[in-house]
Amino acid sequence: MDGERGTTITEVARIADVSPATVSRVLNGDPRVGATYRAKVTAAVEQLGYRPNRLARNLRKQRTAAIGVVISDIENPHFSEAVRAIEDHAFKRGHPVLVCNTDETPQKERAYLEMMMDERVLGVILSPANPGEPAIGEVIDSGIPIVAFDREVADARADAVLADNIRGARMATERLLAAGHRSVAFVGGRREVETGAERLDGYEIAMRRAGVEPRSIDGGFRAQAAHDAVVELLRADEPPTALVVANNLMTLGALRALAEVGARVPDDVALVAIDDPPWAALVAPPLTTIGQPVRRMATDAMELLLDRVQGRAAPRRIVHPMELHARDSCGTAQA
């Protein structure tokens, strides 16, 4: 099989009867690997045709100064702003940035992480599509540090920069409850990842504390999926009077759904959105949002990564509070 078209480190490890971490160490020229294991990996690489040209090149060269950034959705303004802030900070410190977009796809995430090892980047800032991806450990095993951004990863050796999603979603829900709403629905997504699960948790905590039954739908963190889910919700026999929407792409879908069914914000349906994109203050009415301090988070991620490159031992976890931006869309419940 042609390694450039699809052979993975995992396949090399299986043929060589060693761990993927051992393959990574051999590919990166780690002198601690014994001769027997090195020979087995080399034979498997030759048998599978695993990136022979890159292997030869990378075993000769030193670690680059580049920072890898692997994000889950470049179309999401939250991640676009984060990448811009990371690039600004990295440039000032003399580091070029290599950006990869996974489209929330674990297969793309794995391929890009393997590419980061091939390119011998200085470090990786990662917003994971699959927090338990084995390649994350392989990258760290190869000597390349990882800082998880926005979502944690399963490997405890990675640093993390996060937002307090539970408290943020609770604040959004409490804002609508304080306005008098009792039929508050939650438009969420991807419960298998940290942001999806924690924002749902925060919503449910606020609803149960108010003695109100939670009501959630899955918008998949995507505009079209949220649009379809909200249309169905609004056409139910008992539609909600208010919505908490768990990210900015889904907010676009929810707003389009509200317009299509003729529901006015906030007169018919009030809304609070999590994430605070620039357009939130420009639509009519301006949206009440729960924002993340994206640029501060991005700067922290770069600093943690550079600290790790310089030899700091213990991983760190930084959690930023989310911020309420009160505008007009939360309204007051109708009598």
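Residues numbered from 1 in each chain as written. Predicted model: local features only at pLDDT ≥ 70, side-chain atom pairs only at ≥ 80, totals over all residues. Heavy atoms only, no water.

Draft legend 1. Examining the layout of surface pockets more closely. What the largest pocket holds in volume is close to 170 Å³. Looking at the largest pocket, the residues that line it are Pro77, His78, Glu81, Asn248, Asp275, Asp276, Pro277, Pro278, Gln292 and Val294. Top element by residues in the lining of the largest pocket is helix H5 (residues 77-92). It accounts for three residues. Residues of the lining of the largest pocket, tallied by class, amount to four nonpolar, three polar and three charged. (1 Å grid on protein atoms, 1.4 Å probe; cavity = no way out; pocket = protein on both sides within 12 Å on 5 of 7 lines; lining within 4 Å. Points joined across faces, edges and corners; volume = space filled by probe spheres on them. Helix = DSSP H or I, 4+ residues; strand = E, 2+ residues; numbered from the N terminus. Nonpolar A, V, L, I, M, F, W, Y, C, P; charged D, E, K, R; others polar.)

Draft legend 2. Summary view of the sheet that holds strand E11 (residues 317-320). Overall, parallel pairing links the six strands, which are arranged E2-E1-E3-E4-E5-E11 in an open sheet. In this open sheet, the two strands that pair with only one neighbour each are strand E2 (97-101) and E11. Between one strand axis and the next, the sheet turns through 15° on average, direction left out of account. Here strand E5 (residues 159-163) pairs with E11 via four bridges, running parallel. When the bridges of E11 are listed, Ala160 appears paired with Arg317. (Pairing = 2+ DSSP bridges. Axes fitted to C-alpha atoms, helices over the stretch in contact; angles between N-to-C directions.)

Draft legend 3. Main features of empty space enclosed by the protein. One pass over the structure, following the stated rule, counts three cavities of 30 Å³ or more. Its boundaries defined by the atoms lining it, the largest cavity holds a volume of some 120 Å³. Around the largest cavity sit 15 residues that line it, and Asn76, Phe79, Arg151, Phe221 and Asn247 are the ones nearest its centre. Its residues placed into classes, the lining of the largest cavity shows three nonpolar, five polar and seven charged.

Draft legend 4. Seen up close, the side chain of Glu138. In this structure, Glu138 sits in helix H7 (residues 134-141). For the buried residue Glu138, which engages in no salt bridge, the nearest side chain bearing the opposite charge is Arg110, 7.5 Å off. (Buried < 20%, exposed > 50% of the residue type's maximum accessible area, 1.4 Å probe, protein only. Lys, Arg positive; Asp, Glu negative; His and termini not counted. Salt bridge = Lys/Arg side-chain N within 4 Å of Asp/Glu carboxyl O.)

Draft legend 5. A look at the nonpolar core. Counting 69 residues, the largest nonpolar core has Ile125, Leu176, Val184, Val187, Val230, Leu243 and Leu271 as its most contacted members. It is helix H12 (residues 294-309) that contributes the most residues to this core, eight residues altogether. Contact partners of Leu243, with chain neighbours within four places excluded, come to Leu176, Ala185, Val187, Val230, Leu233, Val269, Ala270, Leu271 and Val272. Leu48, Val70, Met116 and Leu162 belong to the second largest nonpolar core, which has 35 residues in total. (Core = buried A, V, L, I, M, F, W, Y, C linked by side-chain atoms within 4.5 Å. Contact = heavy atoms within 4.5 Å.)

Draft legend 6. The sheet that holds strand E10 (residues 288-291), seen in detail. The mixed open sheet is built from six strands, whose spatial order is E7-E6-E8-E9-E10-E12. The outermost strands of the open sheet, each flanked by one partner alone, are strand E7 (216-218) and strand E12 (323-325). Across the sheet, the mean angle separating the axes of adjacent strands is 20° when strand polarity is ignored. Bridge analysis of strand E6 (residues 184-188) against E7 gives three bridges, and the strand direction is parallel. If you follow Phe186 over to E7, its bridge partner there is Ser216. Contacts between helix H10 (residues 223-234) and the sheet are confined to E6, E7 and strand E8 (242-245), with E7 contributing the most and set at about 140° to the helix.

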